[in-house]
Amino acid sequence: MSVMQFTSPAPVEGQGYGINWDTAEQRVQELKDFLMTAPQVMDPERLRCLLDVYDEFAGESTLYIRAKLFERVLLTKKIFLDGNPIVGTLTGIRCGVNPYPEWNVSWIKDEMQLAKMTSLGEMKIPKETEELLEKVYKKWKNRTCIALNNKMYKDKYGVNPAQYSKAGMYYDNVSVASGSGIADYPKALNKGLRWVVDDLKKRLHDCPTTLDNKEKHDLYRAMIVATEAVIAHSHRYAELAEKTAEAETDPKNKAELLEIAEICRRVPEYPARNFREAIQSFWFIHLAIEVEQMACATSPGRYGQYMYPFYKKDIDEGRLTKEQVITLLKFQWIKHMELGEYQGGSYAKTLSGHTGQTITIGGVDAYGRDASTELEELLLETQIRMRGIQPTLTLLYHPKLKTSYMTKVVDCIRGGSGQPQILNNTVVIERNLARFAQYEGGITLEDARNCGNYGCVSTGICGKGSFITQEDQPCLAKVVELLLHNGKDPSTKKVVGVQTGDPCEFGSFEEMYDACKQQLRHLFTISRHHSDLSQMARLQVVPSIFRSVMYDGCIEKGMCEEAGGTRYPQVNPIMTAGVDAANSLLAIKHLVFDTKKITMAQLLEALNANFEGYEDIRKMCFEAPKHGNDYPEIEEFVQRFYRDVDEIHSSIGPDCFGHRTPLDAYSLSYHNYFGSLMGALPTGRKAGVALTDGSVSAMPGTDHEGITALIKSGAEAIDTVRYGANHFNVKFLPSALEGPQGARNLISLIKTYCDYGGSHIQFNCVSSETLQDAQDHPQDYKDLVVRVAGFSAYFTRLDRGVQNEIIKRTEYAQ
Amino acid sequence: MSRGTVYNIQRMSTKDGPGIRTTVFLKGCPLRCIWCSNPESQSGTPELLFFRELCTGCGACEKVCPSGAIRMEGGVSSLDREKCLSCGACADVCPSKSREMSGREMSVDEVLAVARKDALFYENSGGGVTFGGGEPTAGGQFFLDLLEASLYEGWHVTVDTCGFCPEERFDKALGLADLFLFDCKHMDPEAHRRLTGRDNALILRNMGAALESGKEVRIRMPLMPGLNDSEENLAAMAEFFGRYGRSEIEIMPCHAFGRNKYQALGKPLPPVEQYTPEALREVRERFERHGLSTIVV
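Owing to the predicted nature of the structure, the values given are computational and were not obtained by experimental measurement.

A word on the overall build of chain B
A tally of helices and strands in chain B yields 11 helices and 13 strands. Whereas a compact globule of 297 residues would reach a radius of gyration of roughly 19 Å, chain B reaches 20 Å, a difference of no more than 12%. Structurally, chain B occupies a C-alpha span of about 60 × 45 × 35 Å along its principal axes. When the 297 residues of chain B are sorted by exposure, 53% land in the buried category. Across chain B, the fraction of contacts at a sequence separation of at least 24, relative to all contacts at a separation of at least 6, is 69%. Total accessible area on chain B stands at roughly 12400 Å², and carbon and sulfur atoms take up 49% of it. If the 35 positive side-chain charges of chain B are averaged to one point and the 41 negative ones to another, these points end up 4 Å apart.

As structure tokens, this is what we get:
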């Protein structure tokens, strides 16, 4: 892809920034190279702070201890400059990663040998860290969130809940530091943290000293400590830059360092005055939130909109060119990529170390007008040039977006990174209005419109909400497995489901379906009970302080985020493998009940043998009706299934905040994790293989009616307004998107998907490796359609020579 | 309502007219172009396709074949075309889809029901439906009924034709469709007969009518090395199309993508060769010299 030049006037003499632009691009490259090649290292410092602070402040409230821990980390971690004009790193080591054992320590014992992977590759654990981990393990093994969560469950329900997660029914949500949302970054940019501290001091002073207000007192005291720590943290960088400048002989580098010092003295304590200060202020805030609790999907939100006034002013007044803005954004992208997280091997499997820092672009403003900005086009360009994995971009699509803007979006998608992913703005707003109507005080239309992508595919309100993956993440395919084994998990041999009877005795499909609904109700009931208690555990063990400062509502209510302090607190139960469950039921209906090709006993035999020796049954299973082909009667069943899932889930009762919680139907990498724990399924999938990704995608190899059929089926599978999310990945051959006609067709596909009510769609280009694999294993790629020459064809049916030619051509197209 | 044989309905078709389209391929063609890349479309009746390389040798087909046309040999199935009735029984049971029926009789309503599935995609992309083949006009009343029904749906309608069609039927189609992708294979009647099996007088008459109709017409030419790219033919084309003020030709250079289908039908391979990139460049320059501009589609 050719690099686009953005022309803008040169900076006015004497107005520009002190950045040494001569070496800037080279430094970006060096930083990126380091990031891509050096292993990540687990830093010991946070562990040391954890041990010390809990000793020193024993007896204080947990809120205060958490603030002191946060302060200790920020004030004692080693700091360094690495050539990035935006300063501030997560740990004292380049590309260092912090462990968060307060949530869970079992991985220290059980999973140290599992692949130590983060999103960027290998993870190193130095000797010093390992020794500290041992110490922390001893101190914390009975005090962690998950330990407390399970203990509370046992005390209340008399059962050890670990058997459920071990069987793969759900993933323990407090076993990792989790929870995400979009902080009120504009507050820091426009008012500054000094204003926040003053406000907090006044609130503490004015708060009546009654026993009812004890929590409030503790929280405000803690918040003041945390906010002052963030200011002091920036001052440490100011001092370091000054000191480094003294020794610097190159005048251009010296000027850059002195400017860094000046900026770090100013922000985030006081309001930013220009783009350069704003970008640094943003980074200090974002970094501090991640330092306190490194969790997936701490998202910058509408960055291209709240940063726009600073950008516009600098461009207008000749302080920056657009190309320089892109260079600065590249430096910022490096910063986002450097943030890594590691919480054990099974965590790596479920989230692939994904940090989900998502920038939302597009959407509408408070008055319903197109909110997209020119700066967002530069974000897209930066994404094209960086080919990075963080931050990720999400477009809130609506028909009012300008053609030139959509062209840039299409360019970025065609670049092959699969970004930006698309969310349907209309659906998200409608969802917000429906979801938050039940909240005390309801929701304003302005807030509903000010929506954003929290991370992955879930949505909420910018600056005023956060989500806690409060509910354990249930796996729907497991329900089918339990149904077919009378409630007994075949791998752990424990009865963890409902004993709905011998499956061979089901007289009709509807009888079996009713039993399936019983299994679903059971799954949702135990995961809800366990999850509500997990929220109590989280509130008790790891209440977050600085996050609570930055998410609106917490200060006003005097409640931390975990207690439901934000204006729009939400619970997002991430539910995986709905398509596998629906497809399994469809296959049984077709093979056992409708066509009677095989008996239930034969099917069970084949499944229990993992289809070994039952290739014919596996074929039948694979060929049975599947979601994704726009066959009305099939899709009606998929829709019915998802409707029932939602109804059953809602009927369990309100969540711990007292609201109806919509299910978030998406996969993260849970489809991979749960798949590894599950036996064979009636879909033809073998044991241990990943389940279907997304929540409305087709099972790999089973959509054969083409992209329009797939898009329609995907869009309509889930009531995306009632649900909290859907998740839809579509694979594309790059050559299918070539030229202006390809661009228009892609936009039409997006628009039609949205017209049909879909909420999330992401396009992936099929790589030549895939084509090569298809050539070698044609049986697995029966559905792979490729454009040949003026027509489309099933790849596996083409002559080998033609296949080779297409493989070659695809490489060119990439 | 009329019925006809359809051999494929391709959704998300993007090269047969503007936007996102559904292309309906009618089976049966009056011509027998020696380079035909869709040989399964020539006959107007359903036929069996057999992709030998996808056969897994399960033997299910052998058991159901009513005429004993299938035998298992060396782990894969074989097909005796002499005995095959093209009944499709083997295709119904083939688990690996190595056997498939090409063509099935459908009513206008059945075709429309499939095309309607993507109506919103047409609307959002400026697309519609395209009728191709085979030769769609050979579908007769079925073809005309399809055009009319599509117009009632509000769709943009394209006809991809070789132009060999009775005048009266062609003129009716001209009154209905929005865009014609009109093939020009050769200007010389004798050469045309040799390459396609038919004279071109009727085709040129219909081409003239189309170009004068005010409807959008794109002239398309399957370009075959040594068969229709001579100076004389290009000069004749320039003269003919010049009369209608046209000089733009969409060329479709010869490709080998239909070869496996000949094998699947048990037919001998066509005697054509592909252009090298240099030869194609050279032949396009030849068009230019005659005042014709080319676009490769």
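Still more to cover.
Describing the overall build of chain A
Looking only at helices and strands, chain A has 33 helices and 21 strands in total. Across its three principal directions, the C-alpha atoms of chain A cover 80 × 65 × 55 Å. Partitioning the contacts of chain A with sequence separation of at least 6, the portion at a separation of at least 24 is 78%. As displayed, chain A offers around 28200 Å² of accessible surface, 52% of which is attributable to carbon and sulfur atoms.

With respect to the interface of chain B and chain A
In this assembly, 28 residues from chain B lie in contact with 37 residues from chain A. Taking both sides of the interface into account, the surface hidden between chain B and chain A amounts to around 2800 Å²; carbon and sulfur atoms contribute 56%. Counting across the chain B and chain A interface gives two salt bridges. Between E705(A) and R11(B) there is a salt bridge; the shortest N-O distance is 4.0 Å. Counting residues per element, the ones that place at least two in the side of chain B that touches chain A are β1 (3–13) and α4 (119–125) of chain B. For the side of chain B that touches chain A, the element with the highest residue contribution is α4(B), accounting for four residues. By residue class, the composition of the side of chain B that touches chain A is 10 nonpolar, 10 polar and eight charged.

Some details on the sheet that holds strand β6 (residues 180–182) of chain A
All names here are of chain A. On the basis of which strands lie adjacent, the open sheet formed by four strands has the order β7-β6-β13-β15 and mixed pairing. A strand with exactly one partner marks an edge of an open sheet, and here the two such strands are β7 (298–299) and β15 (570–571). In terms of strand pairing, strand β13 (residues 465–468) meets β15 through two bridges, oriented parallel. Counted as the bridge partner of F467 is Q570 from β15.

Brief notes about the sheet that holds β1(B)
Residues and elements named next belong to chain B. A sheet is described by the order of its strands in space; here nine strands give the open sequence β7-β1-β2-β8-β9-β10-β11-β12-β13, paired in mixed fashion. The open sheet terminates on both sides in strands that have one partner only, identified here as β7 (104–107) and β13 (293–296). Strand after strand, the sheet turns through a mean of 35° between neighbouring axes, direction not considered. Sheet analysis places strand β11 (residues 216–223) next to strand β12 (residues 248–253), joined by four bridges and oriented parallel. From the neighbouring strand, P222 faces β12, where its bridge partner is M252. Strands in contact with helix α8 (residues 201–212) are β10 (179–183) and β11; relative to β10, the strand with the most contacts, it is inclined by about 150°. Across the sheet, helix α11 (residues 277–289) touches β11, β12 and β13, and the angle it forms with β13 is around 145°.

Quick look at helix α9 (residues 193–206) of chain A
The terminal C-alpha atoms of α9(A) lie 20 Å apart, and with 14 residues this matches the ideal 20 Å at 1.5 Å per residue to within 8%. Its buried side turned inward, α9(A) meets α8 (185–190), α10 (214–247), α12 (275–292), α23 (546–550) and α24 (554–557) of chain A.

A look at the environment of E110(B)
Locating E110(B) in the fold gives a position in helix α3 (residues 108–116). The spacing of E110(B) and F142(B) is 32 residues in sequence and 12 Å in space, taken between C-alpha atoms.

Some words on the side chain of E259(A)
Residue and element names in this part refer to chain A. For E259, the position within the fold is in helix α11 (residues 251–266). On the basis of relative accessible area, E259 is assigned to the buried category, the value being 14%. Excluding its chain neighbours within four sequence positions, the residues that come into contact with E259 are Y17, G18, I19 and R276.

Regarding helix α17 (residues 374–386) of chain A
Residues and elements named next belong to chain A. The end-to-end C-alpha separation of α17 is 19 Å, in line with the 18 Å expected for 13 residues at 1.5 Å each. Among the 13 residues that make up α17, 11 are buried, leaving the element largely enclosed by the rest of the structure. Those residues of α17 lying buried are L375, E376, E377, L378, L379, L380, E381, T382, Q383, I384 and M386. Taking the backbone nitrogen of L375 as reference, a side-chain oxygen 3.3 Å away marks T373 as the first, capping residue of α17. One or two steps after α17, the chain reaches R387, where phi turns positive at roughly 45°.

A few points about the domain arrangement of chain B
All names here are of chain B. Domain boundaries in chain B define domain 1 (3–45 + 103–296) and domain 2 (47–102). Domain 1 and domain 2 are separated by 32 Å when their C-alpha centres are compared. Taken residue by residue, the interface counts 11 residues in domain 1 and eight residues in domain 2. Contact between domain 1 and domain 2 buries roughly 810 Å² in total, counting both sides, with carbon and sulfur atoms accounting for 48%. Of all residues in domain 1, the largest losses of buried area upon contact with domain 2 belong to G103, A264 and L265, amounting jointly to 53% of the total for that side. Linking domain 1 with domain 2 are one salt bridge. The interface formed by domain 1 and domain 2 contains four residue pairs in polar contact (both at pLDDT 80 or more).

A few points about the pattern of salt bridges
Evaluated as defined, the whole model comprises 64 salt bridges over all chains. In this structure, E374(A) engages K322(A) in a salt bridge whose closest nitrogen and oxygen atoms are separated by 3.3 Å. With E374(A) in helix α17 and K322(A) in helix α15 (residues 322–338), the pair connects residues that are 52 residues apart, well separated along the chain. Classification of K322(A) as buried rests on a relative accessible area of 14%. Among the ionic contacts, a cluster of salt bridges with common partners joins D630(A), E705(A), K712(A), R11(B) and D118(B).

A word on the packing of aromatic side chains
Counted according to the given criterion, the structure contains 34 aromatic pairs over all chains. Ring geometry for Y164(A) and Y170(A): centres 6.5 Å apart, planes at 45°, overall tilted. Y170(A) carries the same exposure label as Y164(A), and that label is buried. Members of the aromatic cluster, connected to one another through ring pairs, are Y171(A), Y670(A), Y673(A) and F674(A). The cationic tip of R94(A) hangs over the ring face of F34(A); the distance from NZ or CZ to the ring centre is 3.8 Å. The ring of F50(B) carries the charged tip of R99(B) above its face, separated from the ring centre by 4.2 Å.

Quick look at the nonpolar core
Ranked by internal contacts, the top residues of the largest apolar core, which has 221 residues, are F275(A), Y303(A), F546(A), M550(A), M600(A) and F641(A). The element that contributes the greatest number of residues to this core is helix α22 (residues 509–541) of chain A, accounting for 12 residues. With residues near it in sequence (within four places) discarded, M550(A) still touches A183(A), D184(A), Y185(A), K187(A), A188(A), L193(A), I285(A), I289(A) and G463(A). Listed in part, the 59 residues of the second largest apolar core include L31(B), W35(B), F131(B) and L144(B).

Brief notes about the packing of α15(A) against α17(A)
Residue and element names in this part refer to chain A. Following both chains from N to C, one finds α15 and α17 inclined at 60°, their axes separated by 9 Å at the closest point. Here α17 runs oblique to α15, going by the angle between their axes. Considering how the two elements wind past one another, α15 and α17 form a crossing that is right-handed. Facing K322, E323, V325, I326, L329, K330, W333, I334 and M337 of α15, the residues of α17 in contact are E374, L375, L378, L379, E381, T382, Q383, R385 and M386. By residue class, the composition of the contact of α15 with α17 is 10 nonpolar, two polar and six charged.

Remarks on the confidence of the model for chain A
Across chain A, pLDDT averages 90, with 92% of residues at or above 70. Low confidence marks residues 810–814 of chain A, where pLDDT is under 50. Its contacts with residues over four positions away, or in another chain, come to 14 contacts.

Some remarks on the side chain of S125(B)
As for its position among the elements, S125(B) is in helix α4. When its relative accessible area of 3% is taken as the criterion, S125(B) is described as buried. Of note is the side chain of S125(B), whose polar atom sits 3.4 Å from the backbone nitrogen of G127(B). Those residues in contact with S125(B), other than ones at most four positions away along the chain, are R744(A), N745(A), S748(A), G19(B) and I20(B).

Thoughts on the state of the cysteines
Residue and element names in this part refer to chain B. In total, this model carries zero disulfides over all chains according to the counting rule given. In this model C33 remains outside any disulfide bridge; the closest cysteine sulfur is found in C29, 6.2 Å from its own. A residue is classified by how much of its surface remains accessible, and C33, at 12% relative accessible area, is buried.

About the cut-offs
Residues numbered from 1 in each chain as written. Chains lettered and ligands numbered in written order. Predicted model: local features only at pLDDT ≥ 70, side-chain atom pairs only at ≥ 80, totals over all residues. Heavy atoms only, no water. Helix = DSSP H or I, 4+ residues; strand = E, 2+ residues; numbered from the N terminus. Rg over C-alpha atoms; globule rule 2.2 N^0.38 Å. Buried < 20%, exposed > 50% of the residue type's maximum accessible area, 1.4 Å probe, protein only. Contact = heavy atoms within 4.5 Å. Areas by Shrake-Rupley, 256 points an atom, 1.4 Å probe, with all protein chains shown as cover. Lys, Arg positive; Asp, Glu negative; His and termini not counted. Charge placed at Lys NZ, Arg CZ, Asp CG, Glu CD. Buried area = accessible area lost by both parts, 1.4 Å probe. Salt bridge = Lys/Arg side-chain N within 4 Å of Asp/Glu carboxyl O. Nonpolar A, V, L, I, M, F, W, Y, C, P; charged D, E, K, R; others polar. Pairing = 2+ DSSP bridges. Axes fitted to C-alpha atoms, helices over the stretch in contact; angles between N-to-C directions. Expected span 1.5 Å × (residues − 1). Polar contact = N/O pair within 3.5 Å; in protein donor to acceptor, adjacent residues only side chain to side chain. Domains from an automatic or database assignment. Phe/Tyr/Trp six-rings, centres within 6.5 Å; stacked < 30°, edge-to-face > 60°. Lys NZ or Arg CZ within 6 Å of the ring centre and 35° of its normal. Core = buried A, V, L, I, M, F, W, Y, C linked by side-chain atoms within 4.5 Å. Parallel < 35°, antiparallel > 145°, perpendicular 65-115°, else oblique. Left-handed = near helix turned anticlockwise from the far one by under 90°. pLDDT = per-residue confidence, 0-100. Disulfide = S-S within 2.5 Å.

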